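# Commentary on secondary and tertiary structure
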Amino acid sequence: PDARGKGYAKESEVLMLGYAFGRLKLNRVFIRTAGFNLQNIKLNENLGLRFEGILRECKQLGEQLVDVVVMSILSREFDAIYRLTPQA
């Protein structure tokens, strides 16, 4: 709780995406998050990930089945936001 709201999640996700696209040369990265985790969904939207769909009642948490939200970002989309490629 003490780390919330300080930008650590955003910074670490940008670093991981930069590594995935820059170093590993991936074209697409997707995430899955619990449908009730609105804070994480909003963070991913702010980072440029796009909503792809909902896997309804896909994950069991205890006795409850929960929806899973799938989001993704392409290398060119990340590059346009974070300027991974040097400009001429």
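Attention shifts here to the nonpolar core. Side chains of nonpolar character tend, in soluble globular proteins, to be buried together. Formed by 13 residues in total, the largest nonpolar core has its most connected members in Leu-17, Phe-21, Val-29, Leu-49, Met-71, Ile-73 and Phe-78. Elements that contribute at least two residues to this core include exactly helix H1 (8-23), strand E1 (28-34), helix H2 (38-46) and strand E3 (64-74). If we skip the residues at most four places from it in the chain, Ile-73 touches Leu-17, Phe-21, Asn-27, Arg-28, Val-29, Leu-47, Gly-48, Leu-49 and Phe-78.

As for its placement among the helices and strands, Val-29 is situated in strand E1. With 47 residues separating them along the chain, Val-29 and Arg-76 place their C-alpha atoms 11 Å apart. With sequence-adjacent residues up to four places away left out, Val-29 is seen in contact with Leu-17, Ala-20, Phe-21, Met-71, Ser-72 and Ile-73.

Residue pairs spaced three or four apart in an α-helix point in one direction, given the helix's 3.6 residues per turn. Within H2, the full set of buried residues consists of Ile-41, Leu-43 and Asn-44. Mapping the buried residues of H2 onto a view down its axis gives an arc of 160°, with all of them on the same face. Across H2 from its buried face, at more than 90 degrees, point the exposed residues Leu-38, Gln-39 and Asn-46. Buried positions along H2 lie against H1, E1 and E3. Looking at the residues trailing H2, positive phi occurs at Gly-48, about 105°.

Further remarks concern the sheet that holds E1. Here 3 strands make up an open sheet; going across it, the order is E1-E3-E2 and the pairing antiparallel. With one partner strand each, in any of the chains shown, E1 and strand E2 (50-61) form the two edges of the open sheet. Here the strands of the sheet are splayed against their neighbours by 25° on average, with no regard to which way each runs. Pairing analysis gives 8 bridges linking E2 to E3, with the strands arranged antiparallel. Residue Leu-55 lies in a different strand from E3, and its bridge partner there is Val-68. Lying over the sheet, H2 contacts E1 and E3, oriented at roughly 160° with respect to E1. Packing of helix H3 (residues 75-82) onto the sheet brings it into contact with E2 and E3, and relative to E3 it is tilted by some 70°.

On the surface, Tyr-19, Leu-24 and Leu-26 cluster together into a nonpolar patch covering about 290 Å² of accessible area. Judged by relative accessible area, Tyr-19 falls into the partly exposed class, the value being 46%.

Reading the values: rules and limits
- Residues numbered from 1 in each chain as written.
- Predicted model: local features only at pLDDT ≥ 70, side-chain atom pairs only at ≥ 80, totals over all residues.
- Heavy atoms only, no water.
- Core = buried A, V, L, I, M, F, W, Y, C linked by side-chain atoms within 4.5 Å.
- Buried < 20%, exposed > 50% of the residue type's maximum accessible area, 1.4 Å probe, protein only.
- Helix = DSSP H or I, 4+ residues; strand = E, 2+ residues; numbered from the N terminus.
- Contact = heavy atoms within 4.5 Å.
- Arc of directions from axis to C-beta.
- Pairing = 2+ DSSP bridges.
- Axes fitted to C-alpha atoms, helices over the stretch in contact; angles between N-to-C directions.
- Patch = residues over 30% accessible without salt bridge, like charges linked within 9 Å, V, L, I, M, F, W, Y side chains within 5 Å.
- Areas by Shrake-Rupley, 256 points an atom, 1.4 Å probe, with all protein chains shown as cover.
- Salt bridge = Lys/Arg side-chain N within 4 Å of Asp/Glu carboxyl O.

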